[in-house]
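Here are the chains, one letter per residue:
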Amino acid sequence: MRRLLSIFKNSLRTIYGIVAVVFVFLYVSAHYNLNGYLAKKVISEDIASYLGTEVSVGNAEVDIFNQIVLEQLLVKDQNSDTLLSARRVMLSFDIIPLLQKKLEIHTIQLIDFDVKLSRKDSLSAPNYKFLVDIFAPKDDNKNSLDIINVNSVILRSGSISYDDFSKAKRTKYFDKNHIRLLDISSNLKIKSTKEDGFLAKLKRLTFDEASGLKVTKAAADISFDNNKNLLMIDDVQLLFEQILERRFKALADVKGNITLDNKRLDVEDLVVNVSSPDRFDIKTSAYIKYALSSEGDISINVDLEKLHLTNSGLNTITDLFVNSNKKETYRRYIDKVGQLESSGHAEGSLSNMSYKISASAFGEMTADVNVEGAYTKEQPINCNIDAVINNSNLL
């Protein structure tokens, strides 16, 4: 989650930076009867020189009163690799704030775009760093724009990638060092901005991730500043496909409030519903507090309100967590269990946790099991088990 938030944040910073530079150069040049040909020349020469990299555009239309339209925009990083490309970029803006050295952009819209973020290794600067440096506050720059406000960002049919080239790629799982977000569509409303952050409402976000994660709906109220990320998740739906050996789809509805800063990750009022046709149905509520430092611990309070596993769901768990040479042995027992229902509660930390779990099996074997106990590093198994097993022929 933290890496995905960082990817989206840095992608928006890249888009903002490029759009602001293009806007200022074209707007200033427009006072000299800028036409499409001259606009292309300004972008490919003046803007490229200012950024210190290659910039090109297929066509440009400039209305000095409220709109700029760019087609086939290409911006490379300082290693001559593509940083941003877009089939169409549209900006609508307000002229009056420019008199007060403020850039007020009503809407940025990108269609068929591709943002490529990367770094050579964990110690090197990312390829978009030069844009961040350009817009960093400079005390000696009296003529710079004081404030850049963007009220709305609309994304259509785009992709965002991130690569740490010093890390090997993983092929079967989500890889935080090599992320591919595909078919992105989003509508972000910026409520207000300030020097060190912003308030925004994500009305809609959909995307696919190369590992098989598909977000079909996301909405959130977002507050961000230099010291803290605050994300309130109103409604998220996730669609997972192709997990290890078995292809199946799972739908997850998530609601909650997430506070993230440099030291802690706090998740409050979290409600998660996860289901997969003919496999499982899970509903949980929880709050989680996690210290991000290496020596930090995690504090958990979880209510498992419902867990329903079918025979197919139990076999899926076997595929995920059991060595291949033991799978057939486990499946013989699973076939007798049939279906499993469970509920429970756990609270504490990963080093000291108490728990209470109830489970029932319905199949050739029927059983009711109650487990209550505590876990510590010194004594990991410390529990009372009350079980009633009927019609059990496990051999």
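In this text, all values refer to a predicted model and were calculated from it rather than measured experimentally. For every chain, the first residue of the written sequence is number 1, and numbering continues from 1 onward in sequence order. Where totals are concerned, whole chains, interfaces and linings use all residues; where local detail is concerned, this predicted model gives features only for residues with pLDDT of at least 70, and gives and counts side-chain atom pairs only at 80 or more. Side-chain calculation: all heavy atoms of the structure are included, whereas hydrogens and water are not.

### Digging into the overall build of the protein chain
Within the protein chain, the secondary structure is distributed over five helices and 19 strands. Note on exposure labels: buried denotes an accessible area under 20% of the residue type's maximum, exposed denotes more than 50%, and partly exposed covers the range between, all computed with a 1.4 Å probe on protein chains only. Here the protein chain holds 395 residues, and the buried ones make up 40% of them. The contacts in the protein chain between residues at least 6 apart in sequence include a share of 51% that link residues at least 24 apart. Computed by Shrake-Rupley with a 1.4 Å probe, the accessible areas treat only the displayed protein chains as cover when residues are assessed. With an accessible surface of roughly 22,000 Å², the protein chain has 51% of that area assigned to carbon and sulfur atoms. Labels follow the DSSP assignment, with helices taken as runs of H or I lasting at least four residues and strands as runs of E lasting at least two, numbered in each case from the N terminus. Contact criterion: two residues are considered in contact whenever any of their non-hydrogen atoms come within 4.5 Å of each other.

### Focus: helix α4 (residues 311–321)
Among the residues of α4, G313, L314, N315, T316, T318 and D319 are the ones counted as buried. Among the structural elements, β15 (298–309), α5 (327–337) and β16 (339–349) are those in contact with the buried residues of α4.

### Let's talk about the packing of α4 against α5
In a pair of packed helices, the angle between the axes and the distance between the axes together describe the arrangement. In this analysis an axis means a line fitted to C-alpha atoms, helices contributing only their contacting stretch, and an angle means the value between N-to-C directions, from 0 to 180 degrees. Look at α4 against α5: their axes get within 10 Å of each other, and the N-to-C directions meet at 160°. With respect to each other, α4 and α5 are oriented roughly antiparallel. Helix-helix and strand crossings are classified by hand; for α4 and α5 the assignment is right-handed. Across from N311, L314, N315, T318 and D319 in α4, the residues of α5 making contact are K327, Y330, R331, I334, D335 and V337. Residue type decides the class: Asp, Glu, Lys and Arg count as charged, Ala, Val, Leu, Ile, Met, Phe, Trp, Tyr, Cys and Pro as nonpolar, and the leftover types, Gly among them, as polar. Its residues placed into classes, the contact of α4 with α5 shows four nonpolar, three polar and four charged. Between 65 and 115 degrees an angle is taken as roughly perpendicular, under 35 as roughly parallel, over 145 as roughly antiparallel, and anywhere else as oblique. By definition, turning the near helix anticlockwise from the far helix through less than a right angle yields a left-handed crossing, and turning it clockwise yields a right-handed one.

### Digging into the pattern of salt bridges
In what follows, salt bridge is the name for a side-chain nitrogen of Lys or Arg lying within 4 Å of a carboxyl oxygen of Asp or Glu. Following the criterion strictly, the structure yields eight salt bridges and no others. Across the pair R88 and E71 runs a salt bridge whose closest N-O atoms are separated by 2.8 Å. Here the residue R88 occupies a position in strand β4 (residues 82–94), and E71 occupies one in strand β3 (residues 67–76), the gap between them amounting to 17 residues. You can call R88 partly exposed: its relative accessible area is 24%. Under the relative-accessibility criterion, E71 is labelled partly exposed at 28%. Its salt-bridge partner being K306, residue D281 comes within 2.9 Å of it at the nearest N-O pair. With D281 in strand β14 (residues 280–291) and K306 in strand β15, the pair connects residues that are 25 residues apart, well separated along the chain. Since its relative accessible area comes to 28%, D281 is described here as partly exposed.

### As for the pairing of β3
Two strands pair if DSSP finds at least two bridges between them. In the sheet, strand β1 (residues 55–56) pairs with β3 via two bridges, with the strands oriented antiparallel. For V55, the partnering residue across the bridge sits in β3 and is V75. Relative to β3, strand β2 (residues 59–63) is paired through five bridges, and the arrangement is antiparallel. Note on β3: the bridge partner recorded for N59 is E71. Here nine bridges tie β3 to β4, and the two strands are oriented antiparallel to one another. For L70, the partnering residue across the bridge sits in β4 and is V89. Here β3 hands over to β4 after five residues, with S80 in that stretch at a positive phi of 70°.

### A few points about unusual backbone geometry
Among all residues except glycine, the phi angle is most often negative; among peptide bonds, the trans geometry is most common. With a phi angle near 50°, S157 is a residue other than glycine that sits in the positive phi range. Following the sequence through the fold, S157 ends up in strand β7 (residues 152–164). A positive phi is found at D183, a non-glycine position, where the angle reads about 50°. Structurally, D183 can be placed in strand β8 (residues 178–194).

### So, the confidence of the model for the protein chain
The predictor attaches a confidence to each residue, and that confidence, scored 0 to 100, is pLDDT. Across the protein chain, pLDDT averages 78, with 77% of residues at or above 70. Across the protein chain, the element-wise mean pLDDT spans from 61 in strand β11 (residues 228–240) up to 92 in β7.

### Looking at a nonpolar patch on the surface
Among the surface-exposed residues, I317, L320 and F321 lie close enough to one another that they form a single nonpolar patch of about 300 Å² accessible area. Inspection of the secondary structure assignment puts I317 in helix α4. To count toward a patch, a residue needs a relative accessible area above 30% and no salt bridge. Like charges then connect within 9 Å, nonpolar side chains (Val, Leu, Ile, Met, Phe, Trp, Tyr) within 5 Å.

### Regarding α5
Inspection of α5 places K327, R331, I334, K336 and V337 among the buried residues, and these make up the whole buried set. Lining the buried residues of α5 we find α4, β16 and β17 (352–362). In the stretch just after α5, G338 is the one whose phi turns positive, near 80°.

### Some details on the environment of I300
Along the chain, I300 falls in strand β15. Spatially, the C-alpha atoms of I300 and A286 are 7.4 Å apart, while their sequence positions differ by 14 residues. Apart from residues lying up to four places away in sequence, I300 is in contact with Y287, A346, E347, G348, L350 and M353.

### Quick word on the environment of Y16
Tracing the backbone shows Y16 in helix α1 (residues 2–30). Linking Y16 and N149, residues 133 residues apart in sequence, is a C-alpha distance of 9.6 Å. Setting aside residues up to four positions removed in sequence, Y16 forms contacts with I108, V150, V153 and I190.

### With respect to the side chain of T206
In this fold, T206 is placed in strand β9 (residues 197–209). Filtering out sequence-adjacent residues up to four positions away, T206 remains in contact with D183, I184, S185, V215, T216 and K217.

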